[in-house]
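Structure assessment
For reference, the chains in residue letters:
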Amino acid sequence: MPSPAPLHRPAPAAHEIHEQATTWLVISLLSSVLCVSLCLGVGGAVFCYLALQSAGQGLTEDARAKLKWGKILTVVGSFIGVLTTSLTLILS
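Residues numbered from 1 in each chain as written. Predicted model: local features only at pLDDT ≥ 70, side-chain atom pairs only at ≥ 80, totals over all residues. Heavy atoms only, no water.

1. Concerning the overall build of the chain
The cut-off we apply is this: Comment: elements are numbered from the N terminus, with helices defined as DSSP H or I runs of at least four residues and strands as E runs of at least two. When a residue's accessible area, from a 1.4 Å probe over protein chains only, is under 20% of the maximum for its type it is buried; when over 50% it is exposed; and in between it is partly exposed. We get accessible surface area from the Shrake-Rupley algorithm with a probe of 1.4 Å; when it comes to residues, only the shown protein chains can shield them.
The secondary structure content of the chain amounts to 3 helices and 0 strands. Starting at the N terminus, the α and β elements of the chain follow one another as α-α-α. Across the 92 residues of the chain, 29% fall into the buried class. When the accessible surface of the chain is totalled, it reaches about 6300 Å², and 73% of it is carbon and sulfur.

In structure tokens, the structure reads:
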């Protein structure tokens, strides 16, 4: 009788990255809609999604790198969106 396959559990570091990537994925999607920074927000969401995939496979270093770029694109997109919206309201 063959033994059952062991359950695949990601390492604690991969689990932590998975949680962070999920949070930043939501933030980046909200940023792309609310801050009108569609290109950068969607780019951040794509990198966060790729980080989720890498963390699920246990590739923690790859997931960290992708999550870093997802955070950068999200923050820059949010800043640009808030700045342009503010300038539009001030100058109109």
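That shown, we press on.
2. Digging into the pattern of salt bridges
As a reminder of what qualifies: A carboxyl oxygen of Asp or Glu within 4 Å of a side-chain nitrogen of Lys or Arg is what we treat as a salt bridge.
Taken as a whole and judged by the stated rule, the model has 2 salt bridges. Of the charged contacts in the structure, one is a salt bridge between Arg64 and Glu61, with a shortest N-O distance of 3.0 Å. Here Arg64 and its partner Glu61 are both found in helix α3 (residues 60-91), 3 residues apart, which amounts to about one turn of the helix. In this structure Arg64 comes out as partly exposed when scored by relative accessible area, which is 40%. The exposure class of Glu61 is exposed, given its relative accessible area of 57%.

3. Points about the nonpolar core
Here is a general trend for soluble globular proteins: nonpolar side chains tend to be buried in one another's company. What counts, and what does not: As used in this record, nonpolar core signifies buried Ala, Val, Leu, Ile, Met, Phe, Trp, Tyr and Cys residues forming a set joined through side-chain atoms within 4.5 Å. A contact between two residues is defined here by any heavy atoms of the two lying within 4.5 Å.
Membership of the largest hydrophobic core is limited to 10 residues, which are Ile17, Ala21, Leu25, Ala45, Cys48, Ala51, Leu52, Ala55, Ala63 and Leu67. Residue assignment for this core shows that the elements contributing at least two residues are α1 (12-34), α2 (38-56) and α3. Looking at this core element by element, the count peaks at 5 residues for α2. Residues contacting Ala51, with those up to four places away along its chain left out, are Ala21, Ala63, Lys66 and Leu67.

4. Quick notes on α2
Formally: Working rule for helices: expected span equals 1.5 Å times residues minus one.
Counted at 1.5 Å a residue, the expected span for α2 with its 19 residues is 27 Å, and the 27 Å between its end C-alpha atoms agrees. Where α2 is concerned, the buried positions are Gly41, Gly43, Gly44, Ala45, Cys48, Ala51, Leu52, Ser54 and Ala55. The inward-facing, buried residues of α2 contact α1 and α3. One or two residues past the end of α2 sits Gly58, with phi positive at roughly 85 degrees.

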